[in-house]
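Breakdown of the fold
Given next are the chains, with one letter for each unit.
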Amino acid sequence: MNNENKVCEKCKKDFEITQDDFSFYQKIKVPAPLMCPQCRQQLRMLFRNFKTLYKRPSSKSGKNIVSMYSPEVKFPVYESEEWWGDDWDPMDYGKNVDFSRPFFEQVYELFNSVPHSAIVNTKSVNCEYSNFTFGSSNCYLVFGCVDDEECDYGHIVWNSKDSVDNLYIFKSESCYECVDCLGSAKLYYSQECESCVDSIGLFDCRNCLNCIGCVGLMNKSYHIFDQPVTKEEYKDFLIRHPLTEESTIEYILKEQDKLRKVIPQRSFFGSHNTDVSGNHIYNSGNIHHSFDIKSGEDSKYCFIVRKAVDSYDASFSPDISECYQVLACTGSKIIGSHLVYDSNDILYSDSCFNSNDLLGCFGLRKKSYCILNKQYTKEEYEVLKGRIIEHMKETGEWGGFFPLWMSPFAYNESIVNEYIPLTKQTALEQGFTWKDNIPSTKGQGTIQMENLPKNPEEYKDDLIKEILTCESCEKNYKLISREINFYKKNKLAIPRKCFNCRHAKRMSLRNSRNLWSGICKKCSKEIKTSYTPEDQKKYPIYCEKCYQQEVY
Ligand SMILES: [Zn+2]
Ligand SMILES: [Zn+2]
Ligand SMILES: [Zn+2]
């Protein structure tokens, strides 16, 4: 079969399906997609709400709980612990299949009858204001944590400790305001760094210690703006420019950006790869158009996957093989599903754990051979599954993700609006819903920003009683005791913006999950990069080969 150009049924843009793509679709027995990769990614992310949280009663105990579902949703919502309890049975909601109706209608009815967990915290302790945490303890407002301890405010923070206000950090400790950093400690306001310690405002540095505002350095210590300094000069700089002053951070980052405009910049971040395209890919082979992959092979259109093997179209998933159109899944042979952990051979299911051979199920644990939460024998299951797949092919439902109208979230409630932002009007035009009454508080402030203590010695625990007012969006926010200690210990300013504004700023620093054509500034070879055409004009972007020659 040859490569084929198709027109996306949603955005009407052209997209290409290659021979390899066709082989993948044939292997897992699905038709080629009708939507372009971007629209497919957008649809999956619509089903994930990381950080719009509500206060509401639990539908089980009536207790007031924190929930990612607003009080208006159709289905019952249980507190996480209640949801995991064994005094209710998701199988009680089982339904027969009706071949006179589209299958998704029936899946939707089932999903709207079974209780949902208010937030999804698995094997975590004291993380009730966080969401989608795994194996973590004492984390506050971190969304997407894996194996973290005492981390506050962030999104995608994995295997990290004692860190505040970060985005996409891994194996790091005592970091603050870092984006896409790995294996670092006491690193502040830095981006794309690996193994850097006690440093501030670095970009694309490796193995650096006591550096400030540097770009592209390796194995260096005591450098300021890429120039060597003595230990005394370094100390003196920090005395003259304390981090508690906003002007210090502005100055360092402005000088750093000046350096980025003249120093060769890599077109792609990642290492130990063969034949990959995208950004932030490590230890992988034959992975294309994918972003934030820790390891994997033979996969495409994957976004935030720890280990991707032979999979297409996955988002926010730890370890997957032979998966397609999945969101937050870990396991093998999963198609069109959300939040399926440690399971295999799962189709169109949601919130199922340690299971195999499920179709259209919700909330099951340790189950096999179930359809719409109803138990069948292995033989019955196989026959009925075959009939349902044929039925779904006839109705055009087979092979994609869940349809848009099944998402319990409005566009601006879900994470999709951060990765693919739309205005209310455009979202509505594109068939999404929008929520106008997302909870927030204004006008309750108890302290003026100028009255916040400037000297870290004076940060007192009773600051947790104060209500602050974001200087950017005017919404109110509070501090917690652990973060006050963090600012005090690390001599940092108390943030003058709310978590959402701080988070949005960090998100804006990351390249989007798109690839643009470009030309290497050195050898003029054609490159594919996540730097937009505008960024390519701003920074000298080199191909990997030229970058390696220049820097190493
Ligand atoms: Zn499209
Ligand atoms: Zn704000
Ligand atoms: Zn080049």
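Preceding this paragraph is the structure being described.
Below: a short report on this structure. (Residues numbered from 1 in each chain as written. Chains lettered and ligands numbered in written order. Predicted model: local features only at pLDDT ≥ 70, side-chain atom pairs only at ≥ 80, totals over all residues. Heavy atoms only, no water.)

1. What to know about the overall build of the protein chain
Selection criterion: To qualify as a helix, a DSSP run of H or I must reach at least 4 residues; to qualify as a strand, a run of E must reach at least 2; elements of each kind are numbered from the N terminus. Should any heavy atoms of two residues lie within 4.5 Å, those residues are considered in contact. Each accessible area is a Shrake-Rupley estimate made with a 1.4 Å probe; only the visible protein chains count as cover when residues are assessed. Neither His nor the chain ends contribute to the count of charged residues, in which Lys and Arg are positive and Asp and Glu negative. Here the site of a charge means atom NZ of a Lys, CZ of an Arg, CG of an Asp or CD of a Glu.
Secondary structure summary: the protein chain contains 13 helices and 32 strands in total. By its C-alpha atoms, the protein chain is 75 × 60 × 40 Å across when sized along the principal axes. Considering only contacts within the protein chain whose residues lie at least 6 apart along the sequence, 38% involve residues at least 24 apart. As displayed, the protein chain has an accessible area near 24000 Å², and 49% of this comes from carbon and sulfur atoms. Counting 70 positive and 77 negative side-chain charges, the protein chain places the averaged centre of each group 2 Å from the other.

2. Concerning the environment of isoleucine 249
Operational definition: Each residue's exposure class comes from its accessible area (1.4 Å probe, protein chains only) as a fraction of the maximum for that residue type: buried when under 20%, exposed when over 50%, partly exposed otherwise.
The residue isoleucine 249 is located in helix H6 (residues 246–260) in this model. With relative accessibility at 10%, the residue isoleucine 249 sits in the buried group.

3. Regarding the coordination of the zinc ion (ligand 1)
Keep this limit in mind: For Na, K and Ca the donor cutoff is 3.2 Å, while for all other metals N, O and S atoms count as donors only within 2.8 Å; water does not appear among the atoms, so some sites may look incomplete.
Taken together, the protein donors to the zinc ion (ligand 1) comprise Cys8 (SG), Cys11 (SG), Cys36 (SG) and Cys39 (SG), at separations of 2.3 Å. Taken in sequence order, the residues that donate to the zinc ion (ligand 1) follow the motif C-x2-C-x24-C-x2-C. With cysteine 8 in the loop between strand E1 (4–7) and strand E2 (14–17) and cysteine 39 in helix H2 (residues 37–45), the pair connects residues that are 31 residues apart, well separated along the chain. On the basis of relative accessible area, cysteine 8 is assigned to the buried category, the value being 1%.

4. Quick notes on the side chain of serine 117
Where we set the bar: Any pair of N or O atoms that falls within 3.5 Å is considered a polar contact. Within protein, one atom must be able to donate a hydrogen and the other to accept it, and sequence-neighbouring residues count only if both atoms are side-chain atoms.
Topologically, serine 117 is positioned in strand E6 (residues 116–117). There is a polar contact of 2.7 Å between the side chain of serine 117 and the backbone oxygen of isoleucine 119. Setting aside residues no more than four positions away along its own chain, serine 117 makes contact with Met68, Tyr69, Tyr78, Ser80 and Trp83.

5. Some thoughts on the environment of asparagine 64
Tracing the sequence through the fold places asparagine 64 in strand E4 (residues 64–67). It is 8.9 Å that separates the C-alpha atoms of asparagine 64 and glutamate 79, two residues lying 15 residues apart in sequence. Excluding its chain neighbours within four sequence positions, the residues that come into contact with asparagine 64 are Arg56 and Pro57.

6. Description of the coordination of the zinc ion (ligand 2)
The condition is simple: Angular criteria define each label, namely tetrahedral for four donors with all angles between 85 and 135 degrees, square planar for four and octahedral for six donors with opposite donors over 155 degrees apart and remaining angles between 65 and 115, and irregular for whatever fails these tests.
Only Cys470 (SG), Cys473 (SG), Cys498 (SG) and Cys501 (SG) from the protein reach the zinc ion (ligand 2) as donors, at distances of 2.3 Å. Between the 4 donor atoms coordinating the zinc ion (ligand 2), the angles at the centre fall across 105 to 117 degrees, so the site counts as tetrahedral. Sequence positions of the residues that donate to the zinc ion (ligand 2) give the spacing C-x2-C-x24-C-x2-C. As far as the burial class goes, cysteine 498 and cysteine 501 line up, both buried.

7. Comments concerning the nonpolar core
Quick reminder of the rule: Take the buried Ala, Val, Leu, Ile, Met, Phe, Trp, Tyr and Cys residues and link them wherever side-chain atoms come within 4.5 Å; each set so joined is a nonpolar core.
Phe316, Ile371, Phe402 and Tyr419 are the most contacted members of the largest nonpolar core, which has 136 residues in total. Core analysis: the second largest hydrophobic core is formed by 21 residues, Ala314, Ile320, Ile334 and Ile346 among them.

8. As for the sheet that holds strand E16 (residues 221–224)
Sheet strands line up and pair through hydrogen bonds in the backbone, either parallel or antiparallel. To keep things clear, this is the line we draw: Two strands are said to pair when DSSP picks up at least two bridges between them. Inter-axis angles, ranging from 0 to 180 degrees, are taken between N-to-C directions of lines fitted to C-alpha atoms, where helices are fitted over the stretch in contact.
With mixed pairing, 5 strands are arranged side by side in an open sheet as E13-E14-E15-E16-E17. Lying at the two open borders of the sheet, with one neighbouring strand each, are strand E13 (185–188) and strand E17 (227–228). In terms of strand pairing, strand E15 (residues 209–212) meets E16 through 3 bridges, oriented parallel. Paired with isoleucine 212 across the strands is isoleucine 224, a residue of E16. Helix-sheet contacts for helix H5 (residues 231–240) involve strand E14 (197–200), E15 and E16, and the interaxial angle to E15 is about 55 degrees.

9. Concerning the packing of aromatic side chains
The cut-off we apply is this: Working definition: a ring pair exists when centres of Phe, Tyr or Trp rings (six-membered ring for Trp) sit within 6.5 Å. Plane angles under 30 degrees give stacked, over 60 give edge-to-face, the rest tilted. Only lysine NZ and arginine CZ atoms are considered, and such an atom sits over a ring when it is within 6 Å of the ring centre and within 35 degrees of the ring normal.
Under the definition given, this model contains 47 aromatic pairs. Centroid distance phenylalanine 111 to phenylalanine 402: 5.7 Å. Interplanar angle 80 degrees. Geometry classified as edge-to-face. With phenylalanine 111 in helix H4 (residues 103–111) and phenylalanine 402 in the loop between helix H7 (378–395) and helix H8 (416–419), the pair connects residues that are 291 residues apart, well separated along the chain. Accessibility classification places phenylalanine 111 together with phenylalanine 402 in one group, the buried group. Measuring from ring centre to ring centre gives 5.6 Å for tyrosine 153 and phenylalanine 499, while their planes differ by 40 degrees; the resulting arrangement is tilted. Taken together, the positions of tyrosine 153 in strand E10 (residues 152–158) and phenylalanine 499 in helix H11 (residues 499–509) put the pair 346 residues apart, joining distant regions of the chain. Here tyrosine 153 matches phenylalanine 499 in class, with each residue buried. Of the aromatic side chains, those joined through ring pairs into one cluster are Phe47, Phe104, Phe111, Tyr348, Phe362, Trp398, Phe401 and Phe402. Its end group placed over the ring of tryptophan 83, arginine 365 keeps NZ or CZ at 4.4 Å from the ring centre. Stacked on the ring of phenylalanine 99, the Lys or Arg arginine 387 has its end atom at 3.9 Å from the ring centre.

10. As for the sheet that holds strand E9 (residues 140–146)
Sheet architecture is open: 6 strands sit in the order E7-E8-E9-E10-E11-E12, paired in parallel fashion. Looking at strand neighbours, the two that pair on one side only are strand E7 (121–122) and strand E12 (179–182), the edges of this open sheet. Both strand E11 (residues 164–170) and E12 contribute to a ladder of 3 bridges, which runs parallel. Across the sheet, the residue bridging to leucine 167 is valine 179, located in E12. Strand contacts of H11: E9, E10, E11 and E12, with the helix running at about 35 degrees to E11, the strand carrying the most contacts.

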